[in-house]
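Observations on the three-dimensional arrangement
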Amino acid sequence: MFQDYLNDDTAEQWRWAGLYFDAKEYSQAADLLARVVERTPEQVGPRLLLARAYYHSAQLGRAEEQLREVIARDPVEQYAHLMLGRTLQRRGRPAEAARWLRLASALEGGGAPDA
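Every value quoted in this text rests on a predicted model; they were computed, and no experiment measured them. (Residues numbered from 1 in each chain as written. Predicted model: local features only at pLDDT ≥ 70, side-chain atom pairs only at ≥ 80, totals over all residues. Heavy atoms only, no water.)

Following the criterion strictly, the structure yields two aromatic pairs and no others. Seen in terms of ring centroids, Trp16 and Tyr20 are 6.4 Å apart; in terms of plane orientation they differ by 45°. Their pairing is tilted. One end of the pair is Trp16 and the other is Tyr20, both in helix 2 (residues 10-22) and four residues apart, which spans about a single turn. A ring pair is formed by Phe21 and Tyr26, whose centres lie 5.0 Å apart and whose planes are at 70°; its orientation type is edge-to-face. A relative accessible area of 9% means that Phe21 is categorised as buried. Judged by relative accessible area, Tyr26 falls into the buried class, the value being 15%. The ring centre of Tyr55 lies 4.6 Å from the NZ or CZ of Arg90, which sits over that ring. The ring of Trp100 carries Arg99 above its face, with NZ or CZ at 4.4 Å from the centroid. (Phe/Tyr/Trp six-rings, centres within 6.5 Å; stacked < 30°, edge-to-face > 60°. Helix = DSSP H or I, 4+ residues; strand = E, 2+ residues; numbered from the N terminus. Buried < 20%, exposed > 50% of the residue type's maximum accessible area, 1.4 Å probe, protein only. Lys NZ or Arg CZ within 6 Å of the ring centre and 35° of its normal.)

The structure is reproduced here in structure tokens:
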């Protein structure tokens, strides 16, 4: 498989992960992205794509974990707030999800929700 060929080339793994993600092969993308994130933990982009791959492959606990880490590293990453809200909705936690969805809306410029 391609993953054996890639070895430790992080840039090549990132490229292949994007191709797998675009092809809707989310589990394969997640495998590669986990390696990229392990090697470049400070990078938000690979971690956010990893969270999306987990979300789309119904690995919601892992998606939540990665999204919380993205937000800890970049508190104004609007899409991470949105994805965390949607992940929590899918996990059956609508009250908790509402907070993150409101934050995502505010960060997008939708303004603060009515009190």
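Don't stop here, the text continues.
Across soluble globular proteins, you tend to see nonpolar side chains buried next to one another. If you look at the biggest cluster of nonpolar residues, it comprises 29 residues, and the most contacted ones within it are Leu33 and Leu67. Looking at this core, the elements that each hand over two or more residues are helix 2, helix 3 (26-39), helix 4 (44-56), helix 5 (60-73), helix 6 (78-90) and helix 7 (94-108). No other element matches helix 4, which puts eight residues into this core. In this view, Leu33 contacts Trp14, Ala17, Pro46, Leu49, Leu50 and Ala53; residues no more than four positions away in its chain are not counted. (Core = buried A, V, L, I, M, F, W, Y, C linked by side-chain atoms within 4.5 Å. Contact = heavy atoms within 4.5 Å.)

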